[in-house]
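Here is how the chains run, residue by residue.
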Amino acid sequence: MTEQDKKSSWNDVNEYTGAPMPPYPHTNEGMGLANKVSQWSKVKLIALGVVIAIASSLMVLTAFFWYISGSPLGFAKFSYTYFLTTRMAMDEPPKEELFLGMLKGLVKGTNDKHTSYLDQEEMKELEMHTSSTYSGIGLLLDVSEENKLKVGATMEGQPAEAAGLQKGDEIIAIDGVPVSEIKREEAATHIRGEAGTFVVLRIVRDGETQDVKIERKTIVMPTVKSRMVEPGVGYIRISQFAEKTVGEFQTAYEELLSQGMERLILDLRDNPGGLLTTAQGIGQYVVPKGPIVTVKTRHSTQKMYMSDGEHKQLPLVVLINGNSASASEIIAGAVQDTKSGTIVGTKSYGKGTVQSVIQGLNGEGLKITIARYHTPNDRVIDGIGIEPDELVEPSKVNPKQDVQLDRALEIVKTL
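The model shown is predicted, which means the values in this text are computed figures rather than measured ones.

Visitor: Looking at this model, I keep getting lost on the overall build of the chain. Mind explaining?
Guide: Check the secondary structure of the chain and you find 11 helices and 19 strands. The C-alpha radius of gyration computed for the chain amounts to 38 Å, which surpasses the reference 22 Å derived for 415 residues by more than 25%, pointing to a less compact arrangement than a globule. Here the C-alpha coordinates of the chain stretch approximately 155 × 60 × 35 Å along the principal axes. Every one of the 415 residues in the chain was classed for burial, and the buried ones make up 34%. Nonlocal contacts in the chain, meaning residues at least 24 apart in sequence, comprise 64% of its contacts between residues at least 6 apart. Split by element, the accessible area of the chain, about 25500 Å² in all, is 56% carbon and sulfur. Mean positive and mean negative side-chain charge positions of the chain (44 and 53 charges, respectively) differ by 3 Å.

So, in structure tokens, the structure goes:
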């Protein structure tokens, strides 16, 4: 066998016999290093994912605040202001109040004084006004004098009257809390409460101080009062356009007809308005067949509220003043435009917008202006008011004499 054959055989044996090769040096250390590299790669991937998630969130928040604020710095401004407010304010503000303040501020940005975000208490207050029902003592407050809270009037047959409260009594404390520590606009809220509970009013009368304990009851506030002022002349006063007003008006109207009413004086003075549907209901009695009011939104959609003309049109005078607003102006405007009556008094308030109340979460809500209304002759009276057909100012010589009603009576007897 030649030397070449020996080398070939040796190579063949080593190549084909499957003889074990010498072990690779340091195999365990190599595997450990590979595992560490793999684990580090996973950590880097996780960290990268977290960074991407945070960056994406910041981009979304920035885009969102840019959209709602109109500025690319919206999110930065919000975060900066929130941080400084919560960290540097002398008294640490509750986060709930901060958030509620932000919501109120957001809505206030509409620059519409009739649009507002309502907290739970404000929603209850609004519901009370529209339903004309609340739990309390039947007391009307007088806040005309600065830094003083007085009894303006007591409602007939209600707890305040039964307890002996009188017009002019000065209230100096409510349930032991001095009136000086209560915001004037919140005084009524402190007096109201659940039916069956008690409120203690500390009053001053003729220089003497006394505590009066009164049980709260469910109060149904009448929104319509009526009487015959002269044979053949009826008088109906509407204090607000609430849910029950149309039914109360119908009862009063039919009662006056049974007493021989042939002419009507409708008193809308100091009536702040109320429900649009209630105004339509009252309009059935005082506006001839046709439009009472047209409501137009920002999107140019419109809805017309009509009178069916089913009721006989009586000679009519409508009384208004500077506190006659909203639904009161709808009626006055429709009567004036259709010439179905004469408007007497002073110029009305000039609130020609319609608000929608949207129930929110946790008993809160949003009252927002959604439309303006137009009279039958397409007049917009928002911010303008309705000028009376005959201007009659209240008497300055004798404020107790109702010269406006006296003049209305003179006019209606000529119609």
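There is more to say after this.
Visitor: Any chance you could explain the pairing of strand E10 (residues 224–230) here in plain terms?
Guide: Walk down a regular strand and you will see the side chains alternate between the two sheet faces. Both E10 and strand E11 (residues 233–238) contribute to a ladder of six bridges, which runs antiparallel. Counterpart to Arg227 in the pairing with E11 is Tyr235. As consecutive antiparallel partners, E10 and E11 are separated by two residues, and within that stretch Gly232 has a phi angle of approximately 90°, a positive value.

Visitor: What is the right way to look at the nonpolar core in this model?
Guide: Where a protein is soluble and globular, its nonpolar side chains tend to be buried together. Grouped together as the largest cluster of nonpolar side chains are 38 residues, with contacts concentrated most on Ile236, Ile238, Phe249, Leu266 and Val286. Looking at this core, the elements that each hand over two or more residues are E11, helix H8 (245–258), strand E12 (263–267), helix H9 (276–286), strand E13 (290–297), strand E15 (316–320), helix H10 (327–338) and strand E18 (365–374). Sequence-distant contacts of Phe249, defined by excluding residues within four places in its chain, comprise Val224, Ile236, Ile238, Leu266, Ile282 and Tyr285. One finds Leu165, Ile174, Val179 and Val212 within the second-largest nonpolar core, a separate group that totals 17 residues.

Visitor: I would appreciate a short explanation of empty space enclosed by the protein in the present structure.
Guide: Where empty space is left becomes clear once a probe the size of a water molecule has been rolled over the atoms. As enumerated under the stated definition, the model contains one cavity of 30 Å³ or more in all. By volume, the largest cavity is sized at about 40 Å³. Looking at the largest cavity, the residues that line it are Tyr253, Leu264, Tyr285, Val286, Gln313, Leu314, Leu316 and Ser340. Here the residues of the lining of the largest cavity are counted per class, giving six nonpolar, two polar and no charged.

Visitor: What is the right way to look at helix H5 (residues 120–131) in this model?
Guide: Given 3.6 residues per helical turn, the α-helix brings residues three or four places apart onto the same face. Here H5 spans 16 Å end to end across 12 residues, near enough to the 16 Å set by a 1.5 Å rise per residue. Along H5, the residues classified as buried are Met123, Met128 and Ser131. An end-on view of H5 places all buried positions within 140° of arc, on one side of the element. For H5, the secondary structure elements touched by its buried residues are strand E1 (116–118), strand E2 (133–136), strand E17 (353–359) and E18.

Visitor: Would you take a moment to explain the layout of surface pockets for this structure?
Guide: One number sums up the size of the second largest pocket: a volume of about 620 Å³. Around the second largest pocket, the lining is made up of 17 residues, and of these Glu121, Glu122, Glu125, Thr189 and Arg192 lie nearest the centre. Broken down by secondary-structure element, the contributors of at least two residues to the lining of the second largest pocket are H5, E2 and helix H7 (187–191). A total of five residues in the lining of the second largest pocket trace back to one element, the largest contributor, which is H5.

Visitor: Looking at this model, I keep getting lost on the packing of H9 against H10. Mind explaining?
Guide: Helix-helix packing is described using two parameters, namely the angle between the two axes and the distance between the axes. For the pair H9 and H10, interaxial distance at closest approach is 9 Å and the crossing angle is 30°. By the angle class used here, H9 and H10 are roughly parallel. For the pair H9 and H10, the crossing hand works out as right-handed. Counted together, Leu276, Ala279, Ile282, Gly283 and Val286 of H9 and Ala327, Ile330, Ile331 and Val335 of H10 form the full contact between these two elements. When the residues that make up the contact of H9 with H10 are grouped by side-chain class, the tally is eight nonpolar, one polar and no charged.

The rules we used
Residues numbered from 1 in each chain as written. Predicted model: local features only at pLDDT ≥ 70, side-chain atom pairs only at ≥ 80, totals over all residues. Heavy atoms only, no water. Helix = DSSP H or I, 4+ residues; strand = E, 2+ residues; numbered from the N terminus. Rg over C-alpha atoms; globule rule 2.2 N^0.38 Å. Buried < 20%, exposed > 50% of the residue type's maximum accessible area, 1.4 Å probe, protein only. Contact = heavy atoms within 4.5 Å. Areas by Shrake-Rupley, 256 points an atom, 1.4 Å probe, with all protein chains shown as cover. Lys, Arg positive; Asp, Glu negative; His and termini not counted. Charge placed at Lys NZ, Arg CZ, Asp CG, Glu CD. Pairing = 2+ DSSP bridges. Core = buried A, V, L, I, M, F, W, Y, C linked by side-chain atoms within 4.5 Å. 1 Å grid on protein atoms, 1.4 Å probe; cavity = no way out; pocket = protein on both sides within 12 Å on 5 of 7 lines; lining within 4 Å. Points joined across faces, edges and corners; volume = space filled by probe spheres on them. Nonpolar A, V, L, I, M, F, W, Y, C, P; charged D, E, K, R; others polar. Expected span 1.5 Å × (residues − 1). Arc of directions from axis to C-beta. Axes fitted to C-alpha atoms, helices over the stretch in contact; angles between N-to-C directions. Parallel < 35°, antiparallel > 145°, perpendicular 65-115°, else oblique. Left-handed = near helix turned anticlockwise from the far one by under 90°.

The values are spatial; any link to function lies outside them.
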